[in-house]
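Structure assessment
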Amino acid sequence: MLKVDNITVYDGQIQALKDGSIDVNEGEIVSLIGANGAGKSTTLRTISGLLRSKTGSITLFDEDISKTEAYRLVSRGLAHVPEGRRVFLQMTVLENLEMGAFTTPSNVKEGIAEVFERFPRLKHRKNQIAGTLSGGEQQILAMGRALMSRPKILMLDEPSMGLAPILVQQIFDIIKELHEVGTTILLVEQNAEMALNIADRAYVLESGRIKLSGSGKELAQSDEIKKSYLGG
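Numbers given to residues run from 1 along each chain, matching the order in which its sequence is written. Local features in this predicted model are restricted to residues of pLDDT 70 or higher, and side-chain atom pairs are both shown and tallied only at a pLDDT of 80 or more, whereas totals for entire chains, interfaces and linings draw on every residue. The side-chain numbers reported here are obtained from all heavy atoms of the structure, hydrogens and water having been left aside.

Looking now at the packing of helix α6 (residues 135-147) against helix α7 (residues 165-180). The contact between α6 and α7 brings their axes to 10 Å, and the two run at 15°. By the criterion of interaxial angle, the relationship of α6 to α7 is roughly parallel. Crossing hand, α6 versus α7: right-handed. From α6, G136, Q139, I140, M143 and L147 reach across to α7, where they touch L167, I171, I174, I175 and L178. Put simply, Ala, Val, Leu, Ile, Met, Phe, Trp, Tyr, Cys and Pro go in the nonpolar bin, Asp, Glu, Lys and Arg in the charged bin, and everything else, Gly too, in the polar bin. Residue composition of the contact of α6 with α7, by class: 8 nonpolar, 2 polar and no charged. All axes here are fitted lines through C-alpha atoms, helices being fitted over the stretch that makes contact, and every angle between N-to-C directions spans 0 to 180 degrees. Secondary structure is summarised from DSSP: a helix means a run of H or I of at least four residues, a strand means a run of E of at least two, and numbering begins at the N terminus for each. Here the word oblique covers every angle except those under 35 degrees (roughly parallel), over 145 (roughly antiparallel) and from 65 to 115 (roughly perpendicular). In this scheme the handedness of a crossing depends on how the near helix is turned from the far one: anticlockwise by less than a right angle means left-handed, clockwise means right-handed. Note on contacts: a residue pair qualifies if any of its non-hydrogen atoms lie within 4.5 Å across the two residues.

Put into structure tokens, the structure is as follows:
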């Protein structure tokens with residue numbers, strides 16, 4: 001479904017990614033783990049067209065999207081929930097969801113009904129200003145807004161960041177539910193243990209390079225991963 005082949009990305013003069021290659025098959029959860037500054041968010045931002053690679057290629061459904069504008073990728077089935085949620089704070093919950101449907105305007109009512117069915121909490125707060133929601137509610141809203149475009153692949157950047165443990169579990173339960181209904185997911189997450197537990201496959205980024213890859217289960221059992229990321 002998605003293939004990233006030998007991309008190299010700079011943030012100003014700093015090389016944020018070097019020869020990065022990952023692939024995501026239909027129906028998988030693929031996790032990217034690593035320390036702060038390892039290049040995880042840069043990878044997602046490059047895939048979604050917000051940054052450009054100096055080398056290599058990115059293909060989505062066998063079509064090169066390396067130079068495609070970010071807004072066009074949404075209509076091709078790619079949705080990106082950015083780090084920090086980035087909801088429209090001065091808009092209501094309902095208005096945020098409507099913004100998520102700008103590529104599918106004919107399905108707004110149907111999409112909102114589906115999001116409210118999946119996330120009843122958003123329905124109860126549909127007229128509430130997004131900036132007054134809790135952090136967990138804002139994360140759910142950001143995910144619901146992304147689902148409004150009916151994505152074939154959903155990229156999630158640090159969805160558990162800054163949330164209390166009970167809310168982290170809720171967010172991961174939602175990710176598993178989305179996966180169970182057929183959504184393909186590329187997940188960037190600092191909570192390595194939870195990310196590996198739900199991943200079909202995973203990649204470990206270190207200083208802008210892919211250091212390890214394998215099934216989520218294999219990496220969770222790796223002594224190196226346990227020592228570096230799982231506190232073992």
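Unlike most non-glycine residues, D62 shows phi in positive territory, near 65°. Checked against the element boundaries, D62 lands in the loop between β4 (57-60) and β5 (63-64). Think of it in three bands: residues with accessible area under 20% of the maximum for their type are buried, residues over 50% are exposed, and the middle band is partly exposed, with areas taken using a 1.4 Å probe on protein chains only. Of the residues examined, D62 reaches a relative accessible area of 78% and is grouped as exposed. With phi around 55°, E158 is a residue other than glycine that occupies positive phi space. Mapped onto the elements, E158 comes out in the loop between β7 (153-157) and α7.

Before going further, it helps to spend a moment on the environment of A195. Residue position: A195 is located in helix α8 (residues 192-198). Taking the C-alpha atoms as reference points, A195 and V30, 165 residues apart in sequence, are found 8.8 Å from one another. Look past the residues within four positions of A195 in its chain and what remains in contact with it is S31, I33, F172, L187 and E189.

Here we come to empty space enclosed by the protein. Put simply, the grid is 1 Å and covers the protein atoms alone, a cavity is a trapped set of points that fit a 1.4 Å probe, a pocket is an open set with protein on both sides within 12 Å along at least five of seven lines, and lining residues have an atom within 4 Å of a point. Grid points are joined across faces, edges and corners, and a volume is the space filled by probe spheres set on the points. Per the counting criterion, the structure on display carries 1 cavity of 30 Å³ or more. There is about 40 Å³ of room inside the largest cavity. V4, I7, L17, G20, S21, I22, T43, L205 and I210 are the residues that line the largest cavity. Elements supplying a minimum of two residues to the lining of the largest cavity: β1 (2-11) and β2 (14-24). Take the lining of the largest cavity: its biggest share by element is 4 residues, from β2. Grouping the amino acids of the lining of the largest cavity by side-chain chemistry returns 6 nonpolar, 3 polar and no charged.

Relative to the helices and strands, T59 resides in strand β4. Considered as a pair, T59 and L2 are 57 residues apart in the sequence and their alpha carbons are 5.8 Å apart. In contact with T59, not counting residues within four places along its chain, are M1, L2, K3, D64 and I65.

A few words now on the layout of surface pockets. Each pocket or cavity is described by its volume, and for the largest pocket that value is around 670 Å³. Taken together, 24 residues make up the lining of the largest pocket; nearest its centre are V74, H80, V81, P82 and R145. Roughly 320 Å³ of volume is contained in the second largest pocket. Along its surface, the second largest pocket is lined by 14 residues, and E114, R118, L147, R150 and T183 are the ones closest to its centre. Grouping the amino acids of the lining of the second largest pocket by side-chain chemistry returns 6 nonpolar, 3 polar and 5 charged.

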